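One letter stands for each residue in the lines below.
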Amino acid sequence: MKILDYMKNNFLFLDGGMGTLLQESGLKPGELPERMNITSPDVIRNIHRSYYDAGSNVILCNTFGANSFKFDDRELEEVISAAIENGNAAREMSKTDHEKYIALDIGPLGRLLKPYGDLDFEEAVSLYSKIVKIGAKYNPDLIFIETMNDSYDTKAALLAAKENSSLPVFVSNAYGSDGKLMTGANPKAMVAMLEGMHADAIGANCSLGPKQLIGVMEEYLKFASVPVLIKPNAGLPRNDHGKTVYDVYPDEFSDDIKNLLTMGVRIAGGCCGTRPEYIKAVCKKATGLTPVPVTEKNISMISSYTHAVEFKNDPILIGERINPTGKKLFKQALRDNDIDYILGEGLKQEDAGVQVLDVNVGLPEIDEEKMLVTVVEELQAVSDLPLQLDTTDFKAMESALRRYNGKAMVNSVNGKNEVMENVFPLVKKYGGFVVCLTLDEDGIPESSAKRVAIAKRIIDKAKEYGIEKRDLIFDPLAMTISADTTAALSTLDAVYQITTELEANTSLGVSNVSFGLPERNLVTSVFFSCALEKGLSAAIMNPYSLEMMNVYFAFRALHNLDANCGEYINHASSLPKQIAVSNSLTQANTNSDTKSSLPSEKDVSPLKGAIMRGLKEKASAITKELLNEVEPLSIVNEEIIPALDVVGKGFEKKEVFLPQLLMAAEASKASFEEIKKKMAESDTGNTAKRMTFIIATVHGDIHDIGKNIVKLILENYGFDVYDLGKDVPEQTIVDKAIELHAPAVGLSALMTTTVPAMENTIKLLREQAPWVKVCVGGAVMTQEYSDQIGADRYCKDAMDTVRYAEELESALSKSL
């Protein structure tokens, strides 16, 4: 029976951990686990068979880290083909009679994607594609993408799987204790993106034990319309006489999994620390349970790289200002490739309170495809708002959808077959929430009935492509009343009928209604109010219009959409100032999950604002100007470091996400470069470096995302960082510490199989460089684990490392 058919009426049980069992079977520190597929096939087969015998339906082949960063093309194929052969052999060896399947296991590449890292999205897709193409040749039953801690990396892997095979694809992400991925995405955002791209099952694995993942699972079960999976660790790791052990045992683990199965989880297994006895206990306790049916949630939502915005009862504001129509300065910015101007328009609208940004860069004399992709990527680097991709160029639309990090709004289709036949396949492939204009080959109908008829045809056509009504939002088209005084009535009636009769979402570009009239905001705002009363789901609007924002906040307060009228009160408090934008609108709308919060650029100095917002070019230009009047060190101490501290403290409070921390660091780096140039010109030498700090990813581990983040942030705080790279032998780290007489060493590890190398490094440092203080971090580390392997400090993230470095530097200066 095919796996998707089996899943319809049954629980699906996965296998458990692999790394610990490989270590017990002879895997040495620094040795690549995947190579054992070739050198020790019997070991791998026996592990797989033990899971099958325990009750697992699915074993994940030993290919988690098989990629081109570790193996050349020839060895990569050998490793993957041997892994699948071992899986097949184990299936034959196992004599239990339950259904058994083999998964091609794909883990993260270990590199952060641009703009936060150095790996291009298409390069990541290419690397994952190579794995998929090789694996698919040897006929596994499914692809299992797991332990992904970045939404963009997840999208690259899923896209590669979908483009290069017809196999079912399961996707599992690794969440931290805050319920988010490393780069900020919450479960709702991941559900939106992964369902949009048609993953067959989604969920979470690794990092935490089953109890700690209950909140994450509740979110998945609330929003997902596909089967939900869980593959948690056996609690938290610790070191017991040189061995990695975990604090949750089979009986407790299986009780927790049973609870999750009764909640609605359909696929379950174990990750780090779990063994066949864990899976056996899970299968036993699941006996007699009836799987909770997977249901269609019928939720309309889009997402950015951090959060989702849901279209429900609470109206959504879509900022209209990133659009050249009628805007001379914006047109010139497009011609001049002035990206900072465009980003500024986006950030100002975010400060004004919109939940989505419309992005239209269509201008005949520029390359729209290239510009749209650039603006989307740059906007997503500085803002976490979801975007509406607004273009009639199908090629530009595909390029932007492909590179978009999340599930975008797509503006637009209409009732013309040619348009739907070009756009719907893109939405089916990449996911999207489609704006549907109620016009066709005959133009815009005057009557509301004909507009509703077009909406029905669009719904039927979308269904042919597997696109549900929940992923459509209809624009009945606001026409100017200066040309036809009945135009607004037809539009409002169409909004009402589509909302009530078709039970579909609606959106309007509301400002069109007042074109050609004096005091347009008066007419537009009243029309907006009328449309909201008819059930309007969203409006593309000018958030700088005081009249429009008055209507929005008053409507929400009157319709019980604003708890205790809090947001209305905040808005009203700004009215005496008679400003078009309320700077107080920093709270997230109740439709969307909590977003990051930083001070508006208007509330701080220009350079601080540019750094906090991650505007590299602007930070560079402002610094260049400041250097004509201000001493370089004053800029560093009074502008750059305080700006970084604001972002850093926001990150520590979980109000700012990792991408914004990294972009702020990049902006400060651009500022520092101008300072270095100035000091070189004036022959005053370089700014003094702070304490020396060595960092490395330990031997056997090629995952250096965390280490690279730490490097960037430490350097921008002025520390003298020596980065030894990844997969660094223990003695190499010790030798460099001795050579530099470095006060501090930071060690990183992602996998449990490489923690022994971390412990060995610390032992050698204690013997040969006893003055060195050692901090450790990485996905597998905890405070207890850090203490047991002899580290001086466990640093949970980059800012924690900065604070530790500052403590050490302060202690050193006092001892001199």
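Residues numbered from 1 in each chain as written. Predicted model: local features only at pLDDT ≥ 70, side-chain atom pairs only at ≥ 80, totals over all residues. Heavy atoms only, no water.

(A) Summary view of the layout of surface pockets. Considering only enclosed or pocket space, the second largest pocket measures out at about 1000 Å³ in volume. Asn-323, Thr-325, Asp-390, Asn-512 and Ile-540 are the residues nearest the centre of the second largest pocket, which is lined by 40 residues in total. Among the elements of the structure, helix 15 (394–403), strand 16 (409–414), strand 17 (433–437), helix 19 (520–533) and strand 20 (538–541) are those that each provide at least two residues to the lining of the second largest pocket. Grouping the constituent residues of the lining of the second largest pocket by class yields 14 nonpolar, 18 polar and eight charged. (1 Å grid on protein atoms, 1.4 Å probe; cavity = no way out; pocket = protein on both sides within 12 Å on 5 of 7 lines; lining within 4 Å. Points joined across faces, edges and corners; volume = space filled by probe spheres on them. Helix = DSSP H or I, 4+ residues; strand = E, 2+ residues; numbered from the N terminus. Nonpolar A, V, L, I, M, F, W, Y, C, P; charged D, E, K, R; others polar.)

(B) Quick peek at the pattern of salt bridges. A full pass over the atoms with the stated rule returns 48 salt bridges. For the salt bridge of Glu-252 with Lys-211, the shortest nitrogen-to-oxygen distance reads 2.9 Å. One end of the pair, Glu-252, is in helix 10 (residues 250–263); the other, Lys-211, is in the loop between strand 6 (201–205) and helix 9 (214–223), and 41 residues separate them in sequence. When its relative accessible area of 34% is taken as the criterion, Glu-252 is described as partly exposed. We note a salt bridge from Asp-256 to Lys-211, for which the minimum N-O separation is 3.0 Å. Taken together, the residues Asp-256 in helix 10 and Lys-211 in the loop between strand 6 and helix 9 connect sequence positions 45 residues apart. Taking relative accessible area as the criterion, Asp-256 reaches 13% and is therefore assigned buried. A relative accessible area of 42% places Lys-211 in the partly exposed class. In the salt-bridge network here, residues are joined through shared partners; they are Glu-122, Glu-163, Arg-402 and Lys-429. (Salt bridge = Lys/Arg side-chain N within 4 Å of Asp/Glu carboxyl O. Buried < 20%, exposed > 50% of the residue type's maximum accessible area, 1.4 Å probe, protein only.)

(C) Just the environment of Ser-412, in detail. Examined against the element boundaries, Ser-412 turns out to sit in strand 16. Looking at Ser-412, the relative accessible area reads 17%, which means it is buried. Counting along the chain gives 22 residues from Ser-412 to Val-434, while the straight-line C-alpha distance between them is 6.2 Å. Look past the residues within four positions of Ser-412 in its chain and what remains in contact with it is Thr-391, Met-397, Val-419, Val-423, Val-435 and Leu-437. (Contact = heavy atoms within 4.5 Å.)

(D) Local environment of the sheet that holds strand 6. Strand order in this open sheet of eight strands is 1-10-7-6-5-4-3-2, and the pairing throughout is parallel. Looking along the sheet, the strands with just one partner apiece sit at the ends: strand 1 (12–13) and strand 2 (58–60). As judged from the four bridges shared by strand 4 (residues 142–148) and strand 5 (residues 169–173), these two strands associate in the parallel manner. Directly across from Ile-143, in strand 5, lies its bridge partner Val-169. (Pairing = 2+ DSSP bridges.)

(E) Summary view of empty space enclosed by the protein. With the rule as written, the count across this model stands at three cavities of 30 Å³ or more. Roughly 480 Å³ of volume is contained in the largest cavity. As for the largest cavity, its lining consists of 28 residues, of which Met-18, Gly-19, Phe-64, Glu-146 and Cys-272 are closest to the centre. Contributions of two or more residues to the lining of the largest cavity are made by helix 2 (19–24) and strand 4.

(F) Spotlight on helix 14 (residues 368–382). End to end, helix 14 covers 21 Å across 15 residues, agreeing with the expected 21 Å (1.5 Å per residue, within 8%). For helix 14, the full list of buried residues reads Glu-368, Met-371, Leu-372, Val-373, Val-375, Val-376, Leu-379, Gln-380, Ala-381 and Val-382. Contacts made by the buried residues of helix 14 are with helix 12 (328–335), helix 13 (339–352), strand 14 (356–359), strand 15 (387–390), helix 15 and helix 25 (658–681). One side-chain oxygen at the N-terminal end of helix 14 lies 3.3 Å from the backbone nitrogen of Glu-369; it belongs to Asp-367. (Expected span 1.5 Å × (residues − 1). Polar contact = N/O pair within 3.5 Å; in protein donor to acceptor, adjacent residues only side chain to side chain.)

(G) Main features of the sheet that holds strand 23 (residues 744–748). Strand order in the open sheet formed by five strands is 22-21-23-24-25, and the pairing between neighbours is parallel. Lying at the two open borders of the sheet, with one neighbouring strand each, are strand 22 (720–723) and strand 25 (793–794). Looking at chain direction, strand 21 (residues 692–697) and strand 22 are connected through four bridges and run parallel. The residue of strand 22 that forms the bridge with Ile-694 is Tyr-722.

(H) How the structure looks around the nonpolar core. Core analysis: the biggest nonpolar cluster contains 219 residues, and Ile-145, Phe-424, Phe-528 and Ile-713 have the highest contact counts within it. Of all the elements, helix 25 adds the most residues to this core, at 10 residues. In contact with Ile-145, not counting residues within four places along its chain, are Ile-106, Ala-157, Leu-158, Ala-161, Val-169, Phe-170, Val-171 and Ser-172. Formed by 26 residues, the second largest nonpolar core is a distinct cluster that contains Ala-742, Ala-769, Ile-789 and Ala-791. (Core = buried A, V, L, I, M, F, W, Y, C linked by side-chain atoms within 4.5 Å.)

(I) Local environment of the packing of helix 9 against helix 10. For the pair helix 9 and helix 10, interaxial distance at closest approach is 11 Å and the crossing angle is 20°. By the criterion of interaxial angle, the relationship of helix 9 to helix 10 is roughly parallel. In the packing of helix 9 onto helix 10, the handedness of the crossing is right-handed. Of the residues in helix 10, those in contact with Ile-214, Met-217, Glu-218 and Leu-221 of helix 9 are Asn-259, Leu-260 and Met-263. Grouping the constituent residues of the contact of helix 9 with helix 10 by class yields five nonpolar, one polar and one charged. (Axes fitted to C-alpha atoms, helices over the stretch in contact; angles between N-to-C directions. Parallel < 35°, antiparallel > 145°, perpendicular 65-115°, else oblique. Left-handed = near helix turned anticlockwise from the far one by under 90°.)

(J) Geometry of the confidence of the model for the protein. On average, the protein scores 92 in pLDDT, and the residues at 70 or more come to 96%. Below pLDDT 50 for its whole length, residues 578–595 participates in 61 contacts with residues either more than four positions away or in separate chains. (pLDDT = per-residue confidence, 0-100.)

(K) How the structure looks around the environment of Asp-792. Positionally, Asp-792 belongs in the loop between helix 29 (783–788) and strand 25. In this structure Asp-792 comes out as partly exposed when scored by relative accessible area, which is 33%. Dropping the residues within four chain positions of it, Asp-792 is found in contact with Arg-766, Val-772, Lys-773, Val-774 and Tyr-804. Of note is the side chain of Asp-792, whose polar atom sits 2.9 Å from the side chain of Arg-766. Of the polar contacts made by the side chain of Asp-792, one reaches the backbone nitrogen of Val-774; its length is 2.7 Å.

(L) Local environment of the packing of aromatic side chains. What the rule picks out here adds up to 11 aromatic pairs. Here Tyr-6 and Tyr-101 contribute two aromatic rings whose centre-to-centre distance is 6.2 Å and whose plane-to-plane angle is 50°, an arrangement assigned as tilted. With Tyr-6 in helix 1 (residues 3–7) and Tyr-101 in strand 3 (residues 101–106), this pair connects stretches of sequence that are 95 residues apart. With relative accessibility at 13%, the residue Tyr-6 sits in the buried group. We classify Tyr-101 as buried; its relative accessible area is 3%. Where Phe-121 meets Tyr-152, the ring centres are 4.6 Å apart and the plane angle is 15°; that geometry is what we call stacked. Of the two residues, Phe-121 is situated in helix 6 (residues 121–137) and Tyr-152 in helix 7 (residues 151–164); the sequence distance between them amounts to 31 residues. Accessibility expressed as a relative area gives 7% for Tyr-152, which makes it buried. Looking at Lys-534, its charged tip hangs above the ring of Tyr-496, at a distance of 5.5 Å from the centre. (Phe/Tyr/Trp six-rings, centres within 6.5 Å; stacked < 30°, edge-to-face > 60°. Lys NZ or Arg CZ within 6 Å of the ring centre and 35° of its normal.)

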